[in-house]
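Single-letter residue listing:
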Amino acid sequence: MSNTPSPPPSRSSTPTGGKLRSDAARNRLKVLDAARAAFSESGRDAQMGDIARRAGVGVGTVYRHFPTKESLAEAIVEHRFQQTLDFLRNEVLPDPDPWHGLARSLEFCGIMQEQDRGYAETVTAMVGGSTFDAAAIAELNELTDKVLKRAQAEGSVREDLTVADVSPLYIGLCHVVQAGVTDWRRYLGIILDGLRPRRCADCSGD
């Protein structure tokens, strides 16, 4: 698939919901990037001092943003979720080709999981059963519904597909990538083929 998307920069937020200064926001993102690398290499044994060194900041800066490793792991998950929302809002919906936009959203999911594979298991274990707030989930469903309906309106996606059907497709693709399948784009192609409208011959059973 051409025009492979790259993850966009995500909006930064603080645990208290306040707006960070630009330098503090940059430091926070540096810490998140460094933590992903550290968790990938060392798992739960990754040390805050090592994360600070990788980020090029003082360890006090790390603790100011993230008091514990668990809060840091949770922030990584939230950061990735926000990147997905940003990509749907800023890249997929403005795409003049609704089918291409839908395909890009699934490919983006695969790319994110491929990048996450080294540390995802560690982060998931540290976060435990943490879930996103209802507003974030509602926004994801709303954006996904818009993407889907645009493609259905132009006739490129089967009409019986709903938002409830899309989530398992994303999850299935994520599992394929997390399993280490290097040609996961082949599976993506299979998924996309299944989203296309059925031919009349197939509908009649001939």
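Residues numbered from 1 in each chain as written. Predicted model: local features only at pLDDT ≥ 70, side-chain atom pairs only at ≥ 80, totals over all residues. Heavy atoms only, no water.

Draft legend 1. Representation of the packing of helix α4 (residues 69-92) against helix α6 (residues 120-127) within the structure. At their nearest, the axes of α4 and α6 sit 9 Å apart, and the two run at 120° to each other. As for how α4 packs across α6, the hand of that crossing is left-handed. Here Lys69, Glu70, Ala73, Glu74, Ile76 and Val77 of α4 lie close against α6, whose contacting residues are Val123, Met126 and Val127. Looking at side-chain class alone, the contact of α4 with α6 contains six nonpolar, no polar and three charged residues. (Axes fitted to C-alpha atoms, helices over the stretch in contact; angles between N-to-C directions. Helix = DSSP H or I, 4+ residues; strand = E, 2+ residues; numbered from the N terminus. Left-handed = near helix turned anticlockwise from the far one by under 90°. Contact = heavy atoms within 4.5 Å. Nonpolar A, V, L, I, M, F, W, Y, C, P; charged D, E, K, R; others polar.)

Draft legend 2. How the structure looks around α6. Along α6, the residues that are buried comprise Ala120, Thr122, Val123, Met126 and Val127. In a view along the axis of α6, the buried residues occupy a sector of 165°, so they form one face of it. Facing away from the buried surface of α6 by more than 90 degrees, the exposed residues are Glu121 and Thr124. (Buried < 20%, exposed > 50% of the residue type's maximum accessible area, 1.4 Å probe, protein only. Arc of directions from axis to C-beta.)

Draft legend 3. Looking closely at the nonpolar core. Counting residues in each nonpolar core, the largest one holds 31 residues, and the members touching the most others are Leu102, Leu106, Val157, Trp184, Leu192 and Leu195. When contributions to this core are tallied by element, the ones reaching two or more residues are α4, α5 (98-116), α7 (134-153), α8 (163-178) and α9 (184-195). The element best represented in this core is α5, accounting for eight residues. Setting aside chain neighbours within four positions, we find Leu106 in contact with Tyr170, Leu173, Leu188, Ile191, Leu192 and Leu195. (Core = buried A, V, L, I, M, F, W, Y, C linked by side-chain atoms within 4.5 Å.)

Draft legend 4. View of the confidence of the model for the protein. Per-residue pLDDT for the protein has a mean of 86; in total, 85% of the residues score no lower than 70. Note that pLDDT drops below 50 for residues 6-18; the model gives that stretch 26 contacts with residues more than four away or on any other chain. (pLDDT = per-residue confidence, 0-100.)

Draft legend 5. Highlighting the environment of Leu192. Mapping Leu192 onto the fold places it in helix α9. Each C-alpha atom of the pair Leu192 and Leu106 lies 8.7 Å from the other, and the pair is 86 residues apart in sequence.

Draft legend 6. View of the pattern of salt bridges. Under the criterion given, the structure shown has 14 salt bridges. As a salt-bridge pair, Arg89 and Asp86 come within 2.9 Å of each other at their nearest N and O atoms. Of this pair, Arg89 and Asp86 both sit in helix α4, three residues apart, roughly one helical turn. Given the relative accessible area of 3%, Asp86 is considered buried. Its salt-bridge partner being Asp160, residue Arg158 comes within 2.7 Å of it at the nearest N-O pair. (Salt bridge = Lys/Arg side-chain N within 4 Å of Asp/Glu carboxyl O.)

Draft legend 7. Quick look at the state of the cysteines. For the structure shown, the criterion picks out zero disulfides. With no disulfide partner, Cys109 has as its closest neighbouring cysteine sulfur the one in Cys174, 3.2 Å distant. (Disulfide = S-S within 2.5 Å.)

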